[in-house]
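Structural features, examined
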Amino acid sequence: MRFLRFLPSSKIALVLIPFLLSGCGEQYLLFNTAGPVAKIERNLILTTFVLTAIVVIPVIALMFYIIRRFRDEPNNSAPYRPEWSQSHKLEFFVWGIPVLIICVLGILTVRDTFRLVRPTTSMNGAPLTIQVTSLDWKWLFQYPDQKIATVNYCEIPTNRPVRFILTSDAPMNSFWVPQLGGQEYTMPGMAMRLWLQADKPGNYFGSGANFSGREYAHMKFNVVAKPESDFQQWIKQTKSTAPALTMDGYKNLVQQSVVDKQTYSSFPPGVFEQNIKSEGGMYMKHELKEATD
Ligand SMILES: [Cu+2]
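Not measured: the values here are computed from a predicted model. Each chain carries its own residue numbering, running from 1 in the written order of its sequence. Residue-level local features of this predicted model are given only where pLDDT is at least 70; pairs of side-chain atoms are given and counted only at 80 or more, and the full residue set underlies all totals for whole chains, interfaces and linings. To get the side-chain values, take all heavy atoms of the structure and skip hydrogens and water.

A short note on the overall build of the protein chain
Per the convention used, a helix needs a DSSP run of H or I reaching at least four residues, while a strand needs a run of E reaching at least two, with both numbered from the N terminus. What the protein chain contains, in helices and strands, is seven helices and eleven strands. A compact globule built from 293 residues would reach a C-alpha radius of gyration of about 19 Å, whereas the protein chain, at 26 Å, exceeds it by more than 25%. For the C-alpha atoms alone, the extent of the protein chain along its principal axes is close to 85 × 40 × 40 Å. Looking at the protein chain as a whole, 39% of its 293 residues are labelled buried. For this analysis, residues touch if any pair of their heavy atoms sits within 4.5 Å. For the protein chain, the proportion of contacts with a sequence separation of at least 24, taken over those separated by at least 6, is 68%. Counting only carbon and sulfur atoms, one obtains 64% of the accessible surface of the protein chain, whose full area is about 17600 Å². Across the protein chain, the 29 positively charged side chains and the 23 negatively charged ones have centroids separated by 6 Å. Only C-alpha atoms enter the radius of gyration; for comparison, a globular chain is expected to reach 2.2 Å times N to the power 0.38, where N is the number of residues. Accessibility here uses a 1.4 Å probe with only protein chains present; expressed as a share of the type maximum, an area under 20% marks a residue as buried, one over 50% as exposed, and anything in between as partly exposed. Here the Shrake-Rupley method, with its probe set to 1.4 Å, supplies the accessible areas, and only the displayed protein chains count as covering residues. Under the convention used here, Asp and Glu are negative, Lys and Arg are positive, and both His and the chain ends fall outside the count. Lys charges are placed at NZ, Arg charges at CZ, Asp charges at CG and Glu charges at CD.

So this is what it looks like as structure tokens:
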């Protein structure tokens, strides 16, 4: 490592420390999980990281070693063997270990993927359903059972699985609340399902994770998790104080614009399902039924 020779190793360590330790900070939402879904996904990410490091670290270390050991310079005693061609021992390690790692990672990933198709914790009572529509450049949340709607934020009860049904009435986007779980796409004419759950009250950052036009950077929202009783209180208050979302109001929201948080005491019935159907959702009968039953 001749090019590093003029830098004492203590200096290199000092430069590396902030990068190596920054992952512990609270601003790294992906690792600062707040629910069972995000926890499963974070563990899978960390397992993947450790397993791939088994290959990556020795390969990088070997690269430096080989460059140093076999470089052409006077008095280098490294053996020169041009007729060398095959080593079964080496092949065994070079192929065997990665194949083993891929197998383990494959099994773990399939296991967790299927685990997250259903709510991760046993349910007492019905889950909460929230229909999410990504619009040009805002997020609309509809509560089909409570018959209320919000824009650019939503509230959920803690310790209860929430079933998000996702679609788009604008270009495709992606719904992502890093502290609660991985992203899921929103697509016109489709109804995607994503189970999330918050274990502790808090404000969880959410955003559109898929570029969808000029003001896409403003497609941010908060998921506000609060205890069940506070959540019921919020529903009650919303129903009695907020204005209604009319069909004209919805058509306005669909237009390209950036808006602040909004709260509505009602919304035009069926507007979510009609949007999916009008965009070719006849192929989504099963999912639509799930979204509306
Ligand atoms: Cu799709």
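Things to note about the coordination of the copper ion
In this description, a donor is an N, O or S atom within 2.8 Å of the metal centre, a cutoff extended to 3.2 Å for sodium, potassium and calcium. Water is not part of the atom list, which can make sites seem incomplete. Bound to the copper ion are the protein donor atoms Met-187 (SD) and Met-190 (SD), situated 1.7 to 2.3 Å from the metal. The buried category is assigned to Met-187, whose relative accessible area is 16%. Given a relative accessible area of 28%, Met-190 falls into the partly exposed group.

Some words on the pattern of salt bridges
The salt bridge criterion pairs a side-chain nitrogen of Lys or Arg with a carboxyl oxygen of Asp or Glu, the two atoms within 4 Å. With the rule as written, the count across this model stands at seven salt bridges. Where Lys-226 meets Glu-155, a salt bridge forms, and the shortest distance between an N and an O atom there is 2.8 Å. With a gap of 71 residues between them, Lys-226 in strand E10 (residues 220–226) and Glu-155 in strand E4 (residues 153–157) connect regions that are remote in the sequence. Across the pair Glu-228 and Arg-160 runs a salt bridge, and its minimum N-O distance is 2.8 Å. In this pair, Glu-228 sits in helix H4 (residues 228–241) while Arg-160 sits in the loop between E4 and strand E5 (162–168), placing the two residues 68 residues apart along the sequence. Among the residues examined, Glu-228 registers a relative accessible area of 30% and is labelled partly exposed. One network of salt bridges, in which partners are shared, links Arg-111, Asp-112 and Arg-115.

Points about the sheet that holds strand E6 (residues 173–177)
DSSP-based pairing: two strands are paired if at least 2 bridges between them are found. An order of E4-E10-E9-E6-E7 is seen for the five strands of this open sheet, with the pairing classed as mixed. With one partner strand each, in any of the chains shown, E4 and strand E7 (181–186) form the two edges of the open sheet. On average, adjacent strands in this sheet sit at an angle of 20° to one another, irrespective of strand direction. All axes here are fitted lines through C-alpha atoms, helices being fitted over the stretch that makes contact, and every angle between N-to-C directions spans 0 to 180 degrees. Contacts from H4 reach E4 and E10, with the element oriented near 135° to E4.

As for the nonpolar core
Buried residues of nine kinds, namely Ala, Val, Leu, Ile, Met, Phe, Trp, Tyr and Cys, make up a nonpolar core once their side-chain atoms join them within 4.5 Å. By size, the foremost hydrophobic cluster in this structure holds 34 residues, and its most contacted members are Ile-130, Phe-141, Tyr-143, Ile-156, Phe-164, Phe-175 and Leu-180. With ten residues, the next largest nonpolar core counts Leu-135, Ala-149, Val-151 and Phe-267 among its residues.

Here we look at the packing of aromatic side chains
Centre-to-centre distance and the angle between the planes together describe a pair of aromatic rings. Whether two aromatic rings pair depends on their centres lying within 6.5 Å, for rings of Phe, Tyr and Trp, where Trp uses its six-membered ring; planes under 30 degrees apart make the pair stacked, over 60 edge-to-face, and the rest tilted. Here the structure, examined in full by the defined rule, presents twelve aromatic pairs. When the centroid spacing of 5.7 Å and the interplanar angle of 70° are considered together, the rings of Trp-139 and Phe-175 count as edge-to-face. Taken as a pair, Trp-139 in strand E2 (residues 138–143) and Phe-175 in strand E6 lie far apart in primary sequence, 36 residues in all. Since its relative accessible area comes to 0%, Trp-139 is described here as buried.

Quick look at the packing of helix H2 (residues 36–69) against helix H3 (residues 88–115)
Where H2 contacts H3, the two axes come as close as 10 Å, and the packing angle between them is 175°. Viewed along their axes, H2 and H3 adopt a mutual orientation that is roughly antiparallel. Across the interface between the two elements, Ile-40, Leu-44, Thr-47, Thr-48, Leu-51, Thr-52, Ile-54 and Val-55 from H2 touch Ile-97, Pro-98, Ile-101, Val-104, Leu-105, Leu-108, Thr-109, Asp-112 and Arg-115 from H3. Across the contact of H2 with H3, the residue classes break down as eleven nonpolar, four polar and two charged. Note that the term roughly parallel is reserved for angles under 35 degrees, roughly antiparallel for angles over 145, roughly perpendicular for angles of 65 to 115, and oblique for everything else. Only Asp, Glu, Lys and Arg are considered charged in this grouping, and only Ala, Val, Leu, Ile, Met, Phe, Trp, Tyr, Cys and Pro are considered nonpolar; every other residue, Gly among them, is considered polar.

A short note on H4
Given a helix with a known number of residues, its expected span is that number minus one, times 1.5 Å. A rise of 1.5 Å per residue sets the reference length of H4, with its 14 residues, at 20 Å; its end C-alpha atoms lie 20 Å apart and thus fit the reference within 8%. Considered for burial, the residues of H4 that qualify are Phe-231, Trp-234, Ile-235 and Thr-238. Buried positions in H4, seen along its axis, are confined to an arc of 100° and lie on one side of it. Across H4 from its buried face, at more than 90 degrees, point the exposed residues Ser-229, Lys-236, Ser-240 and Thr-241. Along the arc lie the directions from the helix axis toward the C-beta atoms.

The values reported here are purely geometric and, on their own, carry no functional implication.
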